[in-house]
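Spelled out from the first residue to the last, the chains are:
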Amino acid sequence: MSRHVIETDLALYAAGDLPVWRGAVVKLHVRGCAECRALVEALRVDREELRRSADDMPAGLSKDFDWDQLAAEMTANIRVGLAAGECVTPRERKIAPVSWRPMAIAAGLVVLLGGAWWLNIPRTDTETIGRALRNIATGERSGPPQEERGPVVGASSAGVVLVENGGQIRIDQGGLEPVMYSVSTQGSASARYVDQDTGQVTITATYVQ
Amino acid sequence: MSNKLCIAFAVASGISLHAQALNHKIDFPKDSPVSLLSEDFGNSNATARGANLIDVNAALSLRNSGQKRIRSMTLMVSTQDAAGKGSVSVPTLDAGPGETFSVHISTRLVRPLTAGNPVVEVTLDGVLFDDLSFYGPDLLHSQRNMIRWELEAQRDRKYFKTLLAAGGAEGLRKEMLSSLARQGDSSQRGVQMVRGRATNIDAEPESQFAFLDIPESPVEASNGRARIGASLAGAPQFEVRNRSPRAVRHLEIAWIVKDQQGREFLAASMPADMTLAPNQSGPVAQDAALRFDRPISIQSMSGFVSSVEFADGSQWIPSRGALDQTRLRQLVAPSPEEQRLSQIYTKKGIQVLVEELKKF
């Protein structure tokens, strides 16, 4: 017999837990191998010792004792202990390590998309979208669309504007605020400005074609 | 990585944004009484951003090259394919022959992207002289407005001169302070006018107009009504009667709106081209709707005849007395000339204002 049986199999053999065909093989080897036979004997002695120790346990722990219930109770007690510990001990937050690279990529994309929007979408369209989103969010219709089905002229403190056929004309006189403005039902809007230094009055207007 | 993003962004910017100097054309007729001395389109440009954005920032220096004094002028600003037309008017000029004056234009036009550089054209629409004669193609019907501004200017200068003669500089000063107070108190609202069947105004309930009768008015308005919705009023219609001995070809009704808090403001004007013989009546219906930029609950509406143009081209405007006798003084905006004079008083004092009035 050139090779010994591994110790695990010998332990199972000693306890009678090996399958039949494997047990037969080990039994054959143990008969011819003094070293393994000695180990099997030692394992059987240890097993007998353990059984005797179990018989010496306190009263109430009979052989029919429900070990599963005991394990469950112990687990529950451990959890209660951990929860109580968390109440009195400040919890240490784990901060996930932050990598600058994904953040840089995300910031770059935001800048790129924002820039592309700013460069390619007219401001009026942005305003219209913003107004529509606001109306959806608030559930009210605070401002009319710039153009529904007909030309629209408007006058406000921002000046005069005409929206027609996707085109637009806006006159704001250099950002000055008009002293008065009005619209007419014939399709025009006008705003009046006064030069603060000279007093010269300028009136700007837009007209539906 | 960040370097690559910067490069990509710069390339995208270079491709997408190419602001270019604006091509412009100033076209005055050869016999124009106004000639161009110099022009500065320095800050003007055209940018392709989903559409052609054309920013016109121009300062024009002009000279009265005619023989009459110029009282007002209107320039038309346009570009091909852009929506509508724009205009810039200077209604309070007093430029004698050979004298110079300046006009500033600040306009943004948006038009669909097309091949080729956009060209902005500035043309003369009209010039009004001190004798109320007019020069220009009048494509924007600016002659009517310019005559009205001049009539208002004459009316108000006469009023202030009368005050000066009766009460001296102190009397004029009191009136200027009163005018400035009215200008400060006037309330306005941003408003849009939609023309045509572009709204659901037909489904809204109809409400009556209360017309304020100005006894001296050559035209009487009555039986006014319009539809009122949430922050919306439209489809106005009314009847007018010419109670003067002269034929009328155009009139304007001022449209006043009162909100639930009792605040009144001038919402719009309703011009109407119509021929009315003496004592003749006729209906006026406008296919348009007013929309306010802030929510408003309209309590009532009223109106008054604000100007009338007769068949011979002359006009009627309410006198200051007529405006003072009603509550219209608080609603009607001061004339451009009154605003010019009150600005002179504010900036330069009563003596300069007195000297200014003596020029006319």
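Rules used throughout
Residues numbered from 1 in each chain as written. Chains lettered and ligands numbered in written order. Predicted model: local features only at pLDDT ≥ 70, side-chain atom pairs only at ≥ 80, totals over all residues. Heavy atoms only, no water. Helix = DSSP H or I, 4+ residues; strand = E, 2+ residues; numbered from the N terminus. Buried < 20%, exposed > 50% of the residue type's maximum accessible area, 1.4 Å probe, protein only. Contact = heavy atoms within 4.5 Å. Areas by Shrake-Rupley, 256 points an atom, 1.4 Å probe, with all protein chains shown as cover. Axes fitted to C-alpha atoms, helices over the stretch in contact; angles between N-to-C directions. Parallel < 35°, antiparallel > 145°, perpendicular 65-115°, else oblique. Nonpolar A, V, L, I, M, F, W, Y, C, P; charged D, E, K, R; others polar. Phe/Tyr/Trp six-rings, centres within 6.5 Å; stacked < 30°, edge-to-face > 60°. Lys NZ or Arg CZ within 6 Å of the ring centre and 35° of its normal.

## Remarks on the overall build of chain B
At step 1: A tally of regular secondary structure across chain B gives 5 helices and 20 strands.
At step 2: For chain B, with 360 residues in total, the buried portion stands at 52%.
At step 3: In chain B, the share of contacts with a sequence separation of at least 24, taken over all contacts with a separation of at least 6, comes to 69%.
At step 4: Total accessible area on chain B is roughly 15,500 Å²; 50% of this is exposed by carbon and sulfur atoms.

## A word on the packing of helix α1 (residues 7-15) of chain A against helix α2 (residues 20-32) of chain A
Between two packed helices, what matters for the description is the angle formed by their axes and the separation of those axes.
Residues and elements named next belong to chain A.
At step 1: Two elements in contact, α1 and α2, have axes separated by 10 Å at closest approach and are oriented at 100°. Accordingly, the angle class assigned to the pair α1 and α2 is roughly perpendicular. Across the interface between the two elements, Asp9, Leu10 and Tyr13 of α1 pack against Arg22, Gly23, Val26, Lys27 and Val30 of α2.
At step 2: A class-by-class count of the residues in the contact of α1 with α2 yields 4 nonpolar, 1 polar and 3 charged.

## Description of the environment of Val191(B)
At step 1: Summarising the element assignment, Val191(B) is placed in strand β11 (residues 191-195).
At step 2: Accessibility expressed as a relative area gives 5% for Val191(B), which makes it buried.
At step 3: Each C-alpha atom of the pair Val191(B) and Ala267(B) lies 7.3 Å from the other, and the pair is 76 residues apart in sequence.
At step 4: Contact partners of Val191(B), with chain neighbours within four places excluded, come to Val153(A), Gly154(A), Ala155(A), Val183(A), Ala267(B), Leu290(B), Arg291(B) and Phe292(B).

## A closer look at the packing of aromatic side chains
Residue and element names in this part refer to chain B.
At step 1: Summed over all chains, the structure comprises 5 aromatic pairs over all chains.
At step 2: For the pair Phe209 and Phe211, a centre-to-centre distance of 5.5 Å together with 15° between the ring planes defines the contact as stacked. Like Phe211, Phe209 is buried.
At step 3: When the centroid spacing of 5.8 Å and the interplanar angle of 65° are considered together, the rings of Phe211 and Phe238 count as edge-to-face. Taken together, the residues Phe211 in strand β12 (residues 206-211) and Phe238 in strand β14 (residues 232-242) connect sequence positions 27 residues apart. Each member of the pair, Phe211 as well as Phe238, carries the same accessibility label: buried.
At step 4: Taken together, the aromatic side chains of Phe209, Phe211, Phe238 and Trp255 make up a single cluster linked through ring pairs.
At step 5: Geometry around Phe360 places Arg157 over its ring, the cationic atom sitting 3.9 Å from the centre.

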